[in-house]
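# Overview (structure and organization)
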Amino acid sequence: MLCWSRVLLLLYVLLLAAATEDSGGAAMSHAEEGPPLNVIVEAVSGTALNMSWDPPDEEPQYYEVTDVRDSFNELAYTTYCLIDELQPCTTYFYTVTSDYGSIQYSSPPTSGTTLASGGAPQDVTVTAVSESALRVSWDPPSEDPDYYSIAVGTAPGVPVYTTSYILEGLEPCTEYEISVASEYGNDEYMATPVMGKTLDSVPPPPLNCDFDRITTNSMYLTWSAPDTGCYIRNYNISWSWSSLWEDEHGSGETLSTGTHTSVWDLPAYAIVTVNIAAATDLGFGPPLTCWNVTQQD
Ligand SMILES: *[C@@H]1O[C@H](CO)[C@@H](O)[C@H](O)[C@H]1NC(C)=O
Ligand SMILES: *[C@@H]1O[C@H](CO)[C@@H](O)[C@H](O)[C@H]1NC(C)=O
Ligand SMILES: *[C@@H]1O[C@H](CO)[C@@H](O)[C@H](O)[C@H]1NC(C)=O
């Protein structure tokens, strides 16, 4: 808590002595002694305040900064004093006194409040662990918070007491916005949100199969893409049929990149069962099964 170094103090005393000799003391009798003027206390950080003031008409030998509520006092030979090793978010009251040796003049107490010393989590990274989980990790800010809060999108935050966390129960191939905040009492410092995407999974079955243009030997089939965020490469359509008149059976198969296909080479009046499975880069998922009957001759 030093405002001034001893070397500078010595220099100041020598200069003052020289100046006093030069002016012969005549100027001093005109200038007026008094307390420091325009005292201000500014927060510099969570642990430091900078107190500064204007000199009175007549420069004192030195100033003395005093915390009005405890024993702290400090001499200053400039018109400011950096007071450190304080507590964050705390208000302090100081007076500053002009000391002329034989007489002192004090300013009224002036208050200053240190800043909150918390900070946002640093270097937040998100990596995919699986089709349903993301790992979030970060570095702590300079002052450890009470805890961290992790939120996915606009969902409420989850309290976390370590510097990494695995978010589970997510959808595959889906991009999530993740925010991490440091929590200090009533203060919160949030890091810039980071995006993360879960891994590919095999898709669920396609939806709503519909038959159309049913003839004696073919039918046309449409369906809807499965409910997934993953990219669908193609569909595997495989079918089997049984004649309703004779004991005949058969099957067929085709691939389609779109959500429609024809099923062909069927006999008249046969029951046809179709399985439609969608594929992502990881392969085919379970099929949707539907059936219909070809026209009679
Ligand atoms: C403190 O205030 C003085 C006077 O305004 C200024 O010169 C100095 O740079 C300040 N120091 C800090 C650390 O803010
Ligand atoms: C068979 O296809 C017709 C339309 O061609 C449709 O009305 C009917 O519901 C389908 N039957 C089944 C079991 O899907
Ligand atoms: C399409 O699906 C059928 C039935 O599951 C399977 O036997 C066949 O190998 C699949 N075809 C391709 C190209 O994956």
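Our subject is the structure listed above.
Presented here is an overview of the structure given in this document. Just so it is clear, the model here is predicted, and its values are computed rather than measured.

For the rest of this paragraph, the subject is the site of ligand 1. Close to ligand 1 lie Asn 50, Tyr 80 and Leu 82. One of the side-chain N or O atoms of Asn 50 is found 2.3 Å from an oxygen atom in ligand 1. Relative to its unbound accessible area of 360 Å², ligand 1 is 44% covered by the protein chains.

Topologically, Leu 207 is positioned in strand β17 (residues 207-212). Leu 207 sits in the partly exposed class, given a relative accessible area of 38%. Along the backbone, Leu 207 and Pro 287 are 80 residues apart, and their C-alpha atoms lie at a distance of 9.8 Å.

Bringing the sheet that holds strand β5 (residues 80-83) into the picture now. Strand order in the open sheet formed by three strands is β1-β2-β5, and the pairing between neighbours is antiparallel. Of all the strands in the sheet, the pair left with one neighbour each is β1 (37-43) and β5. Adjacent strand axes in the sheet meet at a mean angle of 15 degrees when their direction is disregarded. In this structure, β1 lies alongside strand β2 (residues 49-54), joined through five bridges in antiparallel fashion. By the bridge assignment, Leu 37 is partnered in β2 with Asp 54.

Our next topic: the nonpolar core. Across soluble globular proteins, nonpolar side chains show a tendency to be buried alongside one another. One finds Leu 221, Ile 237, Trp 239, Val 272 and Ile 276 to be the most contacted residues of the largest nonpolar core, which totals 18 residues. Mapped onto this core, the elements with two or more residues apiece are β18 (219-224), β19 (234-243), β22 (270-280) and β24 (288-293). Considering every element that reaches this core, the biggest residue donor is β22, with five residues. Residues within four places of Trp 239 in sequence aside, it is in contact with Gly 250, Ser 251, Gly 252, Glu 253, Thr 254, Ser 262, Val 263, Trp 264, Leu 266, Val 272, Thr 273 and Val 274.

Moving on: the pairing of β2. What sits between β1 and β2 in their antiparallel hairpin is a turn of five residues. As paired elements, β2 and β5 share four bridges and run antiparallel to each other. By the bridge assignment for β5, Ser 52 is matched with Tyr 80.

A separate point is the state of the cysteines. Overall, the coordinates contain two disulfides when judged by the stated rule. In this model Cys 173 forms its disulfide with Cys 230; the gap between the sulfur atoms is 1.9 Å. Across the S-S bond linking Cys 173 and Cys 230, the dihedral sits near 95 degrees, which makes this disulfide right-handed. Of this pair, Cys 173 sits in the loop between β13 (164-167) and β14 (175-184) while Cys 230 sits in the loop between β18 and β19; the two residues are 57 residues apart in sequence, bridging distant segments of the chain. Across this residue pair, the class does not change: Cys 173 and Cys 230 are buried.

Around ligand 3, the neighbouring residues are Asn 236, Ser 238, Glu 253 and Phe 284. Within the side chain of Asn 236, an N or O atom sits 2.3 Å from an oxygen atom of ligand 3. Between ligand 3 and Glu 253, the relevant distance is 2.9 Å, taken from a nitrogen atom to a side-chain nitrogen or oxygen of the residue. A total of 360 Å² of accessible area belongs to ligand 3 in isolation, and the protein chains cover 41% of it. Of the residues assigned to the shell around ligand 3, the class counts are one nonpolar, two polar and one charged.

The subject of this paragraph is the side chain of Ser 243. Following the sequence through the fold, Ser 243 ends up in strand β19. Given a relative accessible area of 11%, Ser 243 falls into the buried group. There is a polar contact of 3.2 Å between the side chain of Ser 243 and the backbone nitrogen of Trp 245. Reaching out from Ser 243, the side chain makes a polar contact with the backbone nitrogen of Glu 246 at a distance of 3.1 Å. Excluding residues within four positions of it along the chain, Ser 243 makes contact with Glu 248, Tyr 269 and Ala 270.

Reading guide: rules and limits
- Residues numbered from 1 in each chain as written.
- Chains lettered and ligands numbered in written order.
- Predicted model: local features only at pLDDT ≥ 70, side-chain atom pairs only at ≥ 80, totals over all residues.
- Heavy atoms only, no water.
- Near = heavy atom within 4 Å.
- Polar contact = N/O pair within 3.5 Å; in protein donor to acceptor, adjacent residues only side chain to side chain.
- Areas by Shrake-Rupley, 256 points an atom, 1.4 Å probe, with all protein chains shown as cover.
- Helix = DSSP H or I, 4+ residues; strand = E, 2+ residues; numbered from the N terminus.
- Buried < 20%, exposed > 50% of the residue type's maximum accessible area, 1.4 Å probe, protein only.
- Pairing = 2+ DSSP bridges.
- Axes fitted to C-alpha atoms, helices over the stretch in contact; angles between N-to-C directions.
- Core = buried A, V, L, I, M, F, W, Y, C linked by side-chain atoms within 4.5 Å.
- Contact = heavy atoms within 4.5 Å.
- Disulfide = S-S within 2.5 Å.
- Nonpolar A, V, L, I, M, F, W, Y, C, P; charged D, E, K, R; others polar.

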